[in-house]
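What the coordinates show
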Amino acid sequence: MDREKTLRFMRFFSKFCVASIVAGIILSQMQFKPDSFFSEIGISTDEIINFIVKTFEWIIPHFTVGAMFVVPLWLLIHLFRPPKN
């Protein structure tokens, strides 16, 4: 069962990568560039990078605190669970 899920995910991921590469090639041939797209909607790439950095600066402390609670709880639950037959 686990192997089937892994294979299904790998098939999805490979199709996603191939589709992204094909779309990138087609858009490059049409002279599409991310900088021009963002400038048309009024956002610079620096603003996008700053937004991503600020988002990760906010997420990492919350993720760490949550993991400090969830991981020991998960470990205790799995240690004291009755064995499966």
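A brief structural summary. (Residues numbered from 1 in each chain as written. Predicted model: local features only at pLDDT ≥ 70, side-chain atom pairs only at ≥ 80, totals over all residues. Heavy atoms only, no water.)

**Remarks on the overall build of the protein**
Of regular secondary structure, the protein possesses three helices and zero strands. Ordered by position in the sequence, the α and β elements of the protein form the string α-α-α. For the protein, the C-alpha radius of gyration of 22 Å lies well beyond 12 Å, the compact-globule estimate for 85 residues. Here the C-alpha coordinates of the protein stretch approximately 60 × 35 × 10 Å along the principal axes. Split into buried and exposed, the 85 residues of the protein put 0% on the buried side. Taken as two groups, the 9 positive and 7 negative side-chain charges of the protein have centres that lie 19 Å from each other. (Helix = DSSP H or I, 4+ residues; strand = E, 2+ residues; numbered from the N terminus. Rg over C-alpha atoms; globule rule 2.2 N^0.38 Å. Buried < 20%, exposed > 50% of the residue type's maximum accessible area, 1.4 Å probe, protein only. Lys, Arg positive; Asp, Glu negative; His and termini not counted. Charge placed at Lys NZ, Arg CZ, Asp CG, Glu CD.)

**Some words on helix α1 (residues 2–29)**
The terminal C-alpha atoms of α1, which comprises 28 residues, lie 41 Å apart, in line with the 40 Å expected from a rise of 1.5 Å per residue. Downstream of α1 by a residue or two, Gln 31 has a phi angle that is positive, lying close to 60°. (Expected span 1.5 Å × (residues − 1).)

**Re the packing of aromatic side chains**
Enumeration over the complete set of coordinates arrives at five aromatic pairs. Following the ring pairs from residue to residue traces out a cluster consisting of Phe 9, Phe 12, Phe 13 and Phe 16. (Phe/Tyr/Trp six-rings, centres within 6.5 Å; stacked < 30°, edge-to-face > 60°.)

**A word on the pattern of salt bridges**
It is possible for side chains bearing opposite charge to pair when their charged atoms get close. Scanning the model with the defined rule gives one salt bridge in all. A salt bridge links Arg 8 to Glu 4; the shortest N-O distance between them is 3.4 Å. Of this pair, Arg 8 and Glu 4 are both found in helix α1, four residues apart, which corresponds to roughly one turn of the helix. By relative accessible area, Glu 4 is classed as partly exposed at 48%. (Salt bridge = Lys/Arg side-chain N within 4 Å of Asp/Glu carboxyl O.)

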